Amino acid sequence: MKRDKQLKWHHDPASRLNLSGKQVAIVGGTGGIGRALSRYLVSRGAGVIVVGQTFRDTGVEGIKFIQADLSLMSEAQRVAALLPAETLDMVIFTTGIFAGPQREETAEGIERDLAVSYLNRLVILRAIAPRLGVRRPMSSLKARVFLMGYPGGGQIGTPEDLNAEHSYKAMPVHMNTVAGNEMLVLDAAKRYPQATFFGLNPGLIKTNIRDNFFGKDTLKSRIAEALIGLLTPTADQYAERIAPLLFTPDIEGHSGAMFNSKGQAILPSAGLNDMHIRKFMTASVALLARSGIQGVAA
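Not measured: the values here are computed from a predicted model.

## Focus on the nonpolar core
Item 1. Counting 53 residues, the largest nonpolar core has Val 91, Leu 119, Ile 124 and Phe 197 as the members making the most contacts within it.
Item 2. Of all the secondary structure elements, the ones that give two or more residues to this core are strand 1 (23–27), strand 2 (47–52), helix 2 (73–82), strand 4 (90–93), helix 3 (112–128), strand 5 (144–148), helix 4 (170–191) and helix 8 (274–290).
Item 3. For this core, the element with the highest residue contribution is helix 3, accounting for nine residues.
Item 4. Apart from residues lying up to four places away in sequence, Phe 197 is in contact with Leu 125, Ala 129, Val 145, Val 185, Ala 188, Ala 189, Tyr 192, Ser 255, Gly 256 and Ala 257.

Here is the structure:
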């Protein structure tokens, strides 16, 4: 990753954040980094809607829950319809897994990692972006969208075999989702000028995101996560570190920017030009249509 030294922002301590009145939706907010962010933002006064399968924060004031299986695009469409996009100040996408050792396919015919880590974000984003924040009280800042992934890592994806039907290896398949999420940021920044879009690269964090790759609760998974936990921040530590970036006015006017685990601006991956992004988005929408999801613009 290369630093973008042209973009800098003033880092106020997270303890000074006053988010009273802010309305945030976190897609993937029931576990890992998403859950850590939801709990931290609520502690600073925000109202948060979390989307996921299993709600673990019953009784935490300020958090509302939408249950959904985000491996299914029909569920992503339902979530988009339920989200009060017009009154939201911010949407954060954190859903994600790693591709398994063997190819897995959803009931809609989509490779599972692609569905969970990328395509549901595309479906939801295209549905809510045009109306995002339009009924908020007057604000000096546009509504914001943050997509969690690994931008800036040089991945451009393989739109020719997006669904991994001709060749399957876990890591290259997962890199399709990495590339897709970075392109979602760059595409949305141009497509929807009434809002702002940013990419977040948290680096290695101890969560359950690798369960699908190593096997849930296996010895290999426990050893890997224990080592990661020794060397890297926890999800809670990352949430507190990155929260000031989410709300700083200093990044207004920089839609399409990406940030590393320390909140420093980084450059987009080389090769993600307009032509390649259009090709990848067209392949994504075609796959959705083949799976029965219509009406998503290419």
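## Here's the deal with the pattern of salt bridges
Item 1. Scanning the model with the defined rule gives 13 salt bridges in all.
Item 2. For Asp 57, the salt bridge identified is with Arg 35, shortest N-O distance 2.9 Å. Here the residue Asp 57 occupies a position in the loop between strand 2 and strand 3 (63–67), and Arg 35 occupies one in helix 1 (residues 32–43), the gap between them amounting to 22 residues.
Item 3. The network of salt bridges with common partners includes Arg 35, Arg 39 and Asp 57.

## Remarks on the packing of helix 1 against helix 7 (residues 235–247)
Item 1. At a minimum axis distance of 9 Å, the contact between helix 1 and helix 7 shows a crossing angle of 60°. Here the hand of the crossing between helix 1 and helix 7 comes out right-handed. Here Gly 32, Ile 33, Ala 36, Leu 37, Tyr 40 and Leu 41 of helix 1 lie close against helix 7, whose contacting residues are Ala 235, Asp 236, Tyr 238, Ala 239, Glu 240, Ile 242, Ala 243, Leu 246 and Phe 247.
Item 2. Of the residues in the contact of helix 1 with helix 7, the class split is twelve nonpolar, one polar and two charged.

## Some remarks on a positive patch on the surface
Item 1. Residues Arg 3, Lys 5, Lys 8, Arg 241 and Lys 262 make up a contiguous surface patch of positive charge.
Item 2. Along the chain, Arg 241 falls in helix 7.
Item 3. Arg 241 sits in the partly exposed class, given a relative accessible area of 33%.

## Some points on the packing of aromatic side chains
Item 1. For the coordinates displayed, the defined rule picks out five aromatic pairs.
Item 2. Taken together, a centroid distance of 5.8 Å and an interplanar angle of 65° make the contact between Tyr 118 and Phe 280 edge-to-face. Here Phe 280 lies in helix 8 and Tyr 118 lies in helix 3, a separation of 162 residues in the sequence. The residues Tyr 118 and Phe 280 share a single accessibility class, namely buried.

Basis of the calculations
- Residues numbered from 1 in each chain as written.
- Predicted model: local features only at pLDDT ≥ 70, side-chain atom pairs only at ≥ 80, totals over all residues.
- Heavy atoms only, no water.
- Core = buried A, V, L, I, M, F, W, Y, C linked by side-chain atoms within 4.5 Å.
- Buried < 20%, exposed > 50% of the residue type's maximum accessible area, 1.4 Å probe, protein only.
- Helix = DSSP H or I, 4+ residues; strand = E, 2+ residues; numbered from the N terminus.
- Contact = heavy atoms within 4.5 Å.
- Salt bridge = Lys/Arg side-chain N within 4 Å of Asp/Glu carboxyl O.
- Axes fitted to C-alpha atoms, helices over the stretch in contact; angles between N-to-C directions.
- Left-handed = near helix turned anticlockwise from the far one by under 90°.
- Nonpolar A, V, L, I, M, F, W, Y, C, P; charged D, E, K, R; others polar.
- Patch = residues over 30% accessible without salt bridge, like charges linked within 9 Å, V, L, I, M, F, W, Y side chains within 5 Å.
- Areas by Shrake-Rupley, 256 points an atom, 1.4 Å probe, with all protein chains shown as cover.
- Lys, Arg positive; Asp, Glu negative; His and termini not counted.
- Charge placed at Lys NZ, Arg CZ, Asp CG, Glu CD.
- Phe/Tyr/Trp six-rings, centres within 6.5 Å; stacked < 30°, edge-to-face > 60°.

That is the geometry; function is a separate question.
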